[in-house]
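# Descriptive analysis of the structure
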Amino acid sequence: MTENIAVIRGDGIGPEIVDQAIKVLDRIAELYGHTFNYTDVDMGGCAIDKWGDPLPEDMLKKCVESDSVLLGAVGGEKWNNVPGNMRPEKGLLRLRAGMGVYSNNRPAKIWPQLADASPLKKEIVDKGIDFIIVRELIGGIYFGEHKTEYTNGKARAVDILTYSEEEIERIGRIGFETARKRNKKLCSVEKSNVLDSSRLWKSVMHRLANEYTDVELSDMLVDNCAMQIVKNPSQFDVIVTENMFGDILSDEASMITGSIGMIPSSSLGAASCGLYEPIHGSAPDIAGKDIANPIGTILSAAMMLRFSFDMPKEADAIENAVSAYLDEGYRTADIMSAGKIQVGCSECGSLIIKNLKREE
Ligand code: NAD
């Protein structure tokens, strides 16, 4: 098969980690006889420097016309003082909206080899951590009106949170469908004791539950969910929630699994063209040092093969190669522990490729 992939290396560690994922995709192409064509896309701080815009229209067009998009990360201190609508992260929000990817899927799964890296007590980790957060991605407060007003020299800031029934229903369906393919338990997270948008969220989820009678639906307030993720994470199978709650809870969930550098994500809409990226940022503190963990990006490439290109065996091959690399005792600095062998970003990519085998 031939697939056209738009590649956004972005800022900070973005270029280093994306290069490792491309090395892996190229080896998969050799093993399985596929052709992956790559188109470079500028987005984020590097695009501001080059084009004066975090995502110029022609760059967005390249993404929308591709079969899928692989992204490293964007942002950094250099661009912290540019106006709000010109910040690197605005490019990312425009990309998600332009591609119409409304569902962000973030697995929170502990690799047995890294159980010691979890900050949770062993007895909690031993019960197993394996859940998915389905986060609404192009609605809610991040996409509402933002403004700061001044009266007599005093500032007042406003951010508007809106959800329509349609927006809730389409992400709700993804939550139920995802649960259906797993252990059939869906937890809907909101703040219905305070917010109208959350009360609407809850009522739509309960209406949908009548159609998905094989899935057990539960409700949880977001503050309780933040506690339960550290207290008893094994209770969760699939969590479905709105944009900002999902942003915060999925970072919390990533930490209990050991390292933010290990977690991939996929963002999909109605079409098969998806956006695949690790969940971490551009990590400017370690950029250019060849010490970043590229596994979150490599596993994002595996998700691209599984969900957008219908290549499950190729995706399994990548996940098995990552597992074999961990079994061999190699670790990047972020997950290093006593008795293991420390490697850099590029070496990590090469060692994973060495373990890639054609799965039949
Ligand atoms: P971050 O995720 O970049 O880094 C947080 C911490 O985790 C840092 O100590 C970093 O060194 C470490 N880390 C992150 N990824 C790692 C990896 N692959 N390997 C090893 N260690 C890793 O978050 P931050 O420091 O809050 O943000 C840095 C910049 O990234 C900011 O400009 C922020 O806006 C941006 N950001 C971008 C995205 C994105 O592009 N999707 C997401 C979050 C933050």
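How each quantity is defined
Residue indices begin from 1 for each chain and proceed along its sequence in written order. Where local features are concerned, this predicted model is filtered to residues with pLDDT of at least 70; where side-chain atom pairs are given and counted, the filter is 80 or more; whole-chain, interface and lining totals use all residues. Excluded from the side-chain calculations are hydrogens and water; all other atoms, namely the structure's heavy atoms, are used. Here's how the labels work: a residue is buried when its accessible area is under 20% of the maximum for its type, exposed when over 50%, partly exposed in between, all with a 1.4 Å probe on protein chains only. Secondary structure counts use DSSP, requiring at least four H or I residues in a row for a helix and at least two E residues in a row for a strand, with both numbered from the N terminus. An arc is given here, and it is the one of the directions from the helix axis to the C-beta atoms. The rule for a residue being near a molecule or strand is that one of its heavy atoms must lie within 4 Å of it. Any N or O atom pair separated by 3.5 Å or less is treated as a polar contact, with the protein-specific requirement of one donor-capable and one acceptor-capable atom, and with residues adjacent in sequence counted only for side-chain atom pairs. Calculation of accessible area relied on Shrake-Rupley with a 1.4 Å probe; when residues are assessed, cover is drawn exclusively from the protein chains displayed. Here, a strand pair is defined by DSSP locating no fewer than two bridges between the strands. Expected helix span is given by 1.5 Å per residue-to-residue step, counting one fewer step than there are residues. What makes two residues a contact is simply this: any of their non-hydrogen atoms within 4.5 Å.

## Looking at helix α8 (residues 222–231)
Since the α-helix turns once every 3.6 residues, residues separated by three or four places project in the same direction. Three or more residues of α8 are buried, namely Val222, Cys225, Gln228 and Ile229. Along the axis of α8, the buried positions cluster into a sector of 110 degrees, meaning they face one direction only.

## Thoughts on the site of the ligand
Near the ligand you find 20 residues, and of these Val74, Glu89, Gly281, Ala283 and Asp285 are the closest. The backbone of Gly76 places a nitrogen or oxygen atom 3.1 Å from an oxygen atom of the ligand. One of the side-chain N or O atoms of Glu277 is found 3.3 Å from a nitrogen atom in the ligand. Contact with the protein chains covers 68% of the free accessible surface of the ligand, which is 810 Å².

## Focus on the pairing of strand β7 (residues 154–159)
In the case of a regular strand, side chains alternate between the two sheet surfaces. In terms of strand pairing, strand β6 (residues 146–151) meets β7 through 6 bridges, oriented antiparallel. Looking at β7, one finds that Tyr150 is bridged to Ala155. What sits between β6 and β7 in their antiparallel hairpin is a turn of 2 residues, with Asn152 showing a positive phi close to 50 degrees.

## Notes on helix α11 (residues 312–327)
For α11, built from 16 residues, the straight-helix expectation of 22 Å at 1.5 Å per residue is met to within 8% by its first-to-last C-alpha distance of 22 Å. Those residues of α11 that sit buried are Glu314, Ala315, Ala317, Ile318, Ala321, Val322, Tyr325 and Leu326. Along its buried surface, α11 packs onto α1 (14–32), α10 (295–307), β13 (330–331) and α12 (345–354).

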